[in-house]
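The lines below spell out each chain.
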Amino acid sequence: MFTSNKEVREATLAGIPLNVLGQPSDIAYGVLYLASDESKFVTGIELIIDGGSILH
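Remember, predicted model here, so these are calculated numbers, not experimental data. The numbers attached to residues start from 1 for each chain and follow its sequence in the written order. Local features in this predicted model are restricted to residues of pLDDT 70 or higher, and side-chain atom pairs are both shown and tallied only at a pLDDT of 80 or more, whereas totals for entire chains, interfaces and linings draw on every residue. Side-chain metrics rest on all non-hydrogen atoms present in the structure, leaving aside hydrogens and water.

**Re the overall build of the protein chain**
How we decide: For helices the rule is a DSSP run of H or I covering at least 4 residues; for strands it is a run of E covering at least 2, with both sets numbered from the N terminus onward. With C-alpha atoms as the basis for the radius of gyration, the globule rule is written as 2.2 Å multiplied by the number of residues raised to the power 0.38.
Counting its secondary structure elements, the protein chain contains two helices and zero strands. Computed over the C-alpha atoms, the radius of gyration of the protein chain is 15 Å, more than 25% above the 10 Å expected from 2.2 N^0.38 for a compact globule of 56 residues. Its C-alpha atoms give the protein chain principal-axis dimensions of about 45 × 20 × 15 Å.

Here's what the structure looks like:
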């Protein structure tokens with residue numbers, strides 16, 4: 001059981017290989033890419049934006 005916000009933050013960061021918490025802009029840039037002409041040849045992907053925690 002966590003007793004402080006600091007403990008929660010540290011436990012969360014321990015599960016993220018990049019060791020930083022994501023920001024809303026991290027998601028926004030992924031959405032921007034998919035909505036842009038730069039992704040015109042991209043089809044049927046799953047864009048995982050999680051700082052690598054899926055690998056942990």
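**Digging into a nonpolar patch on the surface**
Stated precisely, the cut-off is as follows: Here a patch means residues that are over 30% exposed by relative accessible area and free of salt bridges, tied together within 9 Å if like-charged and within 5 Å if nonpolar (Val, Leu, Ile, Met, Phe, Trp, Tyr). All accessible areas in this document rest on Shrake-Rupley with a 1.4 Å probe, and a residue is counted as covered only by the protein chains that are shown. A carboxyl oxygen of Asp or Glu within 4 Å of a side-chain nitrogen of Lys or Arg is what we treat as a salt bridge.
Where nonpolar side chains cluster on the molecular surface, the patch consists of Ile 27, Val 31, Tyr 33, Leu 34, Val 42, Ile 45, Leu 47 and Ile 49 and spans about 630 Å² of accessible area. By the secondary structure assignment, Tyr 33 is in helix H2 (residues 24–35).

**Observations regarding the side chain of Ser 39**
Defined as follows: When accessible area is computed with a 1.4 Å probe and restricted to protein chains, residues below 20% of their type maximum are described as buried, those above 50% as exposed, and intermediate ones as partly exposed. N or O atoms within 3.5 Å of each other form a polar contact, as long as, within protein, one can give a hydrogen and the other can take it, and as long as residues adjacent in sequence are counted only when both atoms are side-chain atoms. In this analysis, two residues are considered to be in contact whenever any of their non-hydrogen atoms come within 4.5 Å of each other.
Its location among the elements puts Ser 39 in the segment after H2. Ser 39 sits in the buried class, given a relative accessible area of 7%. A polar contact is formed between the side chain of Ser 39 and the backbone oxygen of Ser 36, at a distance of 3.1 Å. Sequence-distant contacts of Ser 39, that is, excluding residues within four places in its chain, are made with Tyr 33 and Leu 34.

**Focus: unusual backbone geometry**
Unlike most non-glycine residues, Asn 19 shows phi in positive territory, near 60°. As for its placement among the helices and strands, Asn 19 is situated in the loop between helix H1 (5–14) and H2. A relative accessible area of 49% means that Asn 19 is categorised as partly exposed.

**Some words on the environment of Ser 25**
Counting through the fold element by element, Ser 25 comes out in helix H2. The class for Ser 25 is partly exposed, based on a relative accessible area of 34%. C-alpha of Ser 25 to C-alpha of Ser 53: the two residues are 28 residues apart in sequence and 18 Å apart in space.

**Let's talk about the environment of Gly 15**
Examined against the element boundaries, Gly 15 turns out to sit in the loop between H1 and H2. Expressed as a C-alpha distance, the spacing of Gly 15 and Ser 53, which sit 38 residues apart in the sequence, is 5.9 Å.

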